[in-house]
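Topology and contacts: notes
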Amino acid sequence: MNGSFKRGAVEGVRRMLPLSVGLIPWALVTGVAMRSSGLSAVEATGMNLLVFAGTAQLGTLPLIASGAPLWLIVLTALALNLRFVIFSAALAPSFEGQSWARRLSSSYLLVDTVFIICAEPLKRSDDPEWRWGFFLGPALWAWLVWQVFGLAGVLGADAIPQGWSLEFMATIALMVMLVPMTQVRAMLVAAVAGGLGAVRLRDMPLRLGVIAGIAIGIAAGFAAEHWVGRGRAR
């Protein structure tokens, strides 16, 4: 572990600390929701470790609880995590030359907050070890926070008062992460189009309105990016 890696890791964790506060209620709510949907403590903890994606976990729990077919559960999880394909493509140049093991572990550890703080600094640095530390430090910190407070939600599901309104706090946490991303015009178009699409199509059977909304948002985002690119080219 060289000095460059350490400096990158320390800087990444320092930037991650304010955003990691928003992970706490989100992780607690996810832990409680997993138990409320009928999962045992062991199953809920296993899902938290294996999936490690709050949106996908919360989005598939109602389907699991209702006995929905496996293909629909998998499709919903994939649709809810499609944004990570875009995130990965944006970060890929920063991992050029890294080992397969590092890139594979990065794909598991990549979450929204880590992308938000890492995307631009990674592009500006030419030091591969600093880049790796800058990504790994906050990613591991986010993973630790999620697992600890997710487990707290799992084990304390029956003890947390309903009046705490943790669901609303999780919504606020998601909005805090969304706002910086919408500073990019294409992201803003995708968010608005996807949100409106999901609301308009909410009555579709098997909760397919959410998947349709995601597809609409992605298509709108790509279209907006294409139009902005053509405008710059002129």
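None of these values were measured; they are calculated from a predicted model. (Residues numbered from 1 in each chain as written. Predicted model: local features only at pLDDT ≥ 70, side-chain atom pairs only at ≥ 80, totals over all residues. Heavy atoms only, no water.)

Brief notes about helix H8 (residues 112–124)
Heads up, the condition is: To obtain the bend at a residue, axes are fitted to the seven residues ending there and to the seven starting there, and the angle between these axes is taken. A run of DSSP states H or I qualifies as a helix once it reaches four residues; a run of E qualifies as a strand once it reaches two. Both are numbered from the N-terminal end. Between buried and exposed lies partly exposed: a residue is buried under 20% and exposed over 50% of the maximum accessible area for its type, with that area taken using a 1.4 Å probe on protein chains only.
At Cys118, H8 shows its strongest bend, of approximately 40°, with the proline Pro121 following within four residues. Of the residues making up H8, those classed as buried are Asp112, Thr113, Val114, Phe115, Ile117, Cys118, Ala119, Pro121 and Leu122.

Digging into the nonpolar core
When a protein is soluble and globular, its nonpolar side chains tend to lie buried together. We count it as follows: In this description, a nonpolar core means a group of buried Ala, Val, Leu, Ile, Met, Phe, Trp, Tyr and Cys residues linked to one another through side-chain atoms lying within 4.5 Å. In this analysis, two residues are considered to be in contact whenever any of their non-hydrogen atoms come within 4.5 Å of each other.
Within the largest apolar cluster, 28 residues are counted, with the highest numbers of intra-cluster contacts made by Leu23, Leu91, Leu110, Val114, Cys118 and Phe135. At the level of secondary structure, the elements contributing two or more residues to this core comprise helix H1 (3–20), helix H2 (23–36), helix H6 (83–91), H8 and helix H9 (128–155). For this core, the element with the most residues is H9, which contributes nine residues. Residues in contact with Phe135, not counting those within four places in the same chain, are Leu91, Phe95, Ser106, Leu110, Val114 and Cys118. Ranked by size, the runner-up nonpolar core spans six residues in total, among them Met34, Met47, Leu61 and Val154.

Here's the deal with a nonpolar patch on the surface
Put simply, the rule is: Only residues whose relative accessible area exceeds 30% and that form no salt bridge are eligible for patches; like-charged ones are grouped when within 9 Å, while nonpolar side chains (Val, Leu, Ile, Met, Phe, Trp, Tyr) are grouped when within 5 Å. All accessible areas in this document rest on Shrake-Rupley with a 1.4 Å probe, and a residue is counted as covered only by the protein chains that are shown. The term salt bridge refers to a side-chain nitrogen of Lys or Arg lying within 4 Å of a carboxyl oxygen of Asp or Glu.
Taken together, the side chains of Leu17, Trp141, Leu144 and Val148 define a hydrophobic patch exposed on the protein surface, amounting to about 330 Å² of accessible area. Here the nonpolar patch gets three residues from one element, more than from any other, and that element is H9. Within the secondary structure, Trp141 sits in helix H9.

Some points on the pattern of salt bridges
What the rule picks out here adds up to four salt bridges. The partner of Arg14 in a salt bridge is Glu11, with the nearest N and O atoms 2.6 Å apart. Of the two residues, Arg14 and Glu11 both sit in helix H1, three residues apart, roughly one turn of that helix. Glu120 is the salt-bridge partner of Lys123, the closest N and O atoms lying 3.7 Å from each other.

Some words on the environment of Gly209
Within the secondary structure, Gly209 is located in helix H12 (residues 208–233). For Gly209, a relative accessible area of 1% corresponds to the buried category. C-alpha of Gly209 to C-alpha of Gly197: the two residues are 12 residues apart in sequence and 7.7 Å apart in space.

Topic: the confidence of the model for the protein
Note the threshold: Note: pLDDT gives the predictor's confidence per residue, expressed from 0 to 100.
Mean pLDDT over the protein works out to 83, with 85% of the residues at or above the 70 mark. For the protein, the element scoring lowest by mean pLDDT is helix H10 (residues 166–181), at 62; H9 scores highest, at 94.

Quick look at the environment of Cys118
Topologically, Cys118 is positioned in helix H8. What makes Cys118 buried here is its relative accessible area of 0%. When near neighbours in sequence (up to four residues on either side) are disregarded, Cys118 contacts Phe134, Phe135 and Pro138.

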